[in-house]
Amino acid sequence: MSSISVLVVDDEIELANLFRTCLQKVGFETISFTDPRTALEYIKDNFNTFSLILTDLRMPHMSGLDLAVEIRKLDEKIKIVLITAFMTEDLIDDFKFKNAKIDRVVQKPVKLAELRNSVAQDIEADIGCLILY
């Protein structure tokens, strides 16, 4: 992988665009989707392209957890960050949450600086170097 790339999935187009733009501004190659089913097909077609997946929890047609479980079938090591406005304590005992092997949960409303830092930390841990921006 020649560059650090992030795939964003959020059914709210404004948030998908905001997260994509925020991460692009600090140098991450970023693509966003508003339909998790389309995102999953893209991931399948572009296997081993992404350093990290950033996904919303609650979306129509497929939840972020369902998406993460499907991604885990393809790649056990990719970093997955789950964004949610709901209580994260309820997720800890959820069977899908355990199977999805979520690396980090970010609570909405999301502060963009915290999101950038969170993504950078997850990627740094994976590639073993410091990302400066």
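The structure under discussion appears in the preceding block.
Residues numbered from 1 in each chain as written. Predicted model: local features only at pLDDT ≥ 70, side-chain atom pairs only at ≥ 80, totals over all residues. Heavy atoms only, no water.

Position of Val 81 among the secondary structure elements: in strand 4 (residues 79-84). Among the residues examined, Val 81 registers a relative accessible area of 0% and is labelled buried. Spatially, the C-alpha atom of Val 81 lies 11 Å from that of Ala 120, the residues being 39 residues apart in sequence. For Val 81, the residues in contact, after removing those within four places along its chain, are Leu 52, Ile 53, Leu 54, Thr 55, Arg 104, Val 106 and Asp 122. (Helix = DSSP H or I, 4+ residues; strand = E, 2+ residues; numbered from the N terminus. Buried < 20%, exposed > 50% of the residue type's maximum accessible area, 1.4 Å probe, protein only. Contact = heavy atoms within 4.5 Å.)

Here we take up unusual backbone geometry. Geometrically, the link from Lys 108 to Pro 109 is a cis peptide bond, its omega value of 0° lying close to zero. The residue Pro 109 is located in the loop between strand 5 (104-107) and helix 5 (112-127) in this model. The phi dihedral of Lys 101 falls on the positive side, at around 50°, and the residue is not glycine. Within the fold, Lys 101 resides in the loop between helix 4 (95-100) and strand 5. Judged by relative accessible area, Lys 101 falls into the partly exposed class, the value being 41%.

This next bit is on the nonpolar core. If you look at the biggest cluster of nonpolar residues, it comprises 22 residues, and the most contacted ones within it are Leu 7, Ile 53, Leu 65, Ile 71, Ile 80, Leu 82 and Ile 102. If one sorts the elements of this core by residue count, helix 3 (residues 64-74) sits on top with four residues. Beyond its immediate sequence surroundings of up to four residues, Ile 53 is in contact with Leu 7, Ile 43, Ile 71, Ile 78, Lys 79, Ile 80 and Val 81. Counting 14 residues, the second-largest nonpolar core is a separate cluster that includes Leu 54, Val 81, Ile 83 and Val 106. (Core = buried A, V, L, I, M, F, W, Y, C linked by side-chain atoms within 4.5 Å.)

Here the idea is simple: oppositely charged side chains can pair when their charged atoms come close. Enumeration over the complete set of coordinates arrives at nine salt bridges. Residue Asp 56 is joined to Lys 108 by a salt bridge in which the shortest nitrogen-to-oxygen separation is 3.3 Å. You can see Asp 56 sitting in strand 3 (residues 52-56) and its partner Lys 108 sitting in the loop between strand 5 and helix 5, a full 52 residues away along the chain. Judged on exposure class, the residue Asp 56 and its partner Lys 108 are both buried. A salt bridge links Arg 72 to Asp 103; the shortest N-O distance between them is 3.2 Å. Note that Arg 72 is positioned in helix 3 and Asp 103 in the loop between helix 4 and strand 5, a separation of 31 residues in sequence. The class for Arg 72 is buried, based on a relative accessible area of 4%. The class of Asp 103 is partly exposed, set by a relative accessible area of 35%. Each member of the salt-bridge network shares a partner with another, and the members are Asp 10, Asp 56 and Lys 108. (Salt bridge = Lys/Arg side-chain N within 4 Å of Asp/Glu carboxyl O.)

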